[in-house]
Amino acid sequence: MLSSANIDFSGILIDLITIVFFGFGTVYTLALGIIHIVRKKTRTVGYYLLSFLLSSLIGLAIAGLMAFLWVLSLQ
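Residues numbered from 1 in each chain as written. Predicted model: local features only at pLDDT ≥ 70, side-chain atom pairs only at ≥ 80, totals over all residues. Heavy atoms only, no water.

### Notes on the environment of Gly23
Here is step 1 of the chain: Examined against the element boundaries, Gly23 turns out to sit in helix α1 (residues 9–39).
Here is step 2 of the chain: On the accessibility criterion, Gly23 (30% relative accessible area) is partly exposed. (Helix = DSSP H or I, 4+ residues; strand = E, 2+ residues; numbered from the N terminus. Buried < 20%, exposed > 50% of the residue type's maximum accessible area, 1.4 Å probe, protein only.)

### Remarks on the packing of aromatic side chains
Here is step 1 of the chain: Scanning all chains against the criterion turns up four aromatic pairs.
Here is step 2 of the chain: A ring pair is formed by Phe21 and Phe22, whose centres lie 5.3 Å apart and whose planes are at 90 degrees; its orientation type is edge-to-face.
Here is step 3 of the chain: Relative to Tyr48, the ring of Tyr47 lies with its centre 5.5 Å away and its plane at 80 degrees, an arrangement referred to as edge-to-face.
Here is step 4 of the chain: The partly exposed category is assigned to Tyr47, whose relative accessible area is 31%.
Here is step 5 of the chain: Tyr48 sits in the partly exposed class, given a relative accessible area of 21%.
Here is step 6 of the chain: Each residue in the set Phe21, Phe22 and Phe52 is aromatic and connected to the rest through ring pairs, giving one cluster. (Phe/Tyr/Trp six-rings, centres within 6.5 Å; stacked < 30°, edge-to-face > 60°.)

### Section: the side chain of His36
Here is step 1 of the chain: Among the structural elements, His36 can be located in helix α1.
Here is step 2 of the chain: Beyond its immediate sequence surroundings of up to four residues, His36 is in contact with Lys41, Arg43, Tyr47 and Tyr48. (Contact = heavy atoms within 4.5 Å.)

### Section: the environment of Ala63
Here is step 1 of the chain: With respect to the element layout, Ala63 can be found in helix α2 (residues 45–73).
Here is step 2 of the chain: Residue Ala63 is classed as partly exposed on the basis of its relative accessible area of 26%.

As structure tokens, this is what we get:
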């Protein structure tokens, strides 16, 4: 019996959610910051924090929808 063959799906799911959350938020916020630097617009830290949270939640919703559609296509 191989004990190393057990897969912890809940741990994988939590890791995947955090990667998607921080990935979408970081990429969008960095792109937005670069655009504002080029256009020489000044924004507050709260603006960037809000854009990070909103883009992260939208990214999670898109990833969840894609996973849902993938599961439906398996049937």
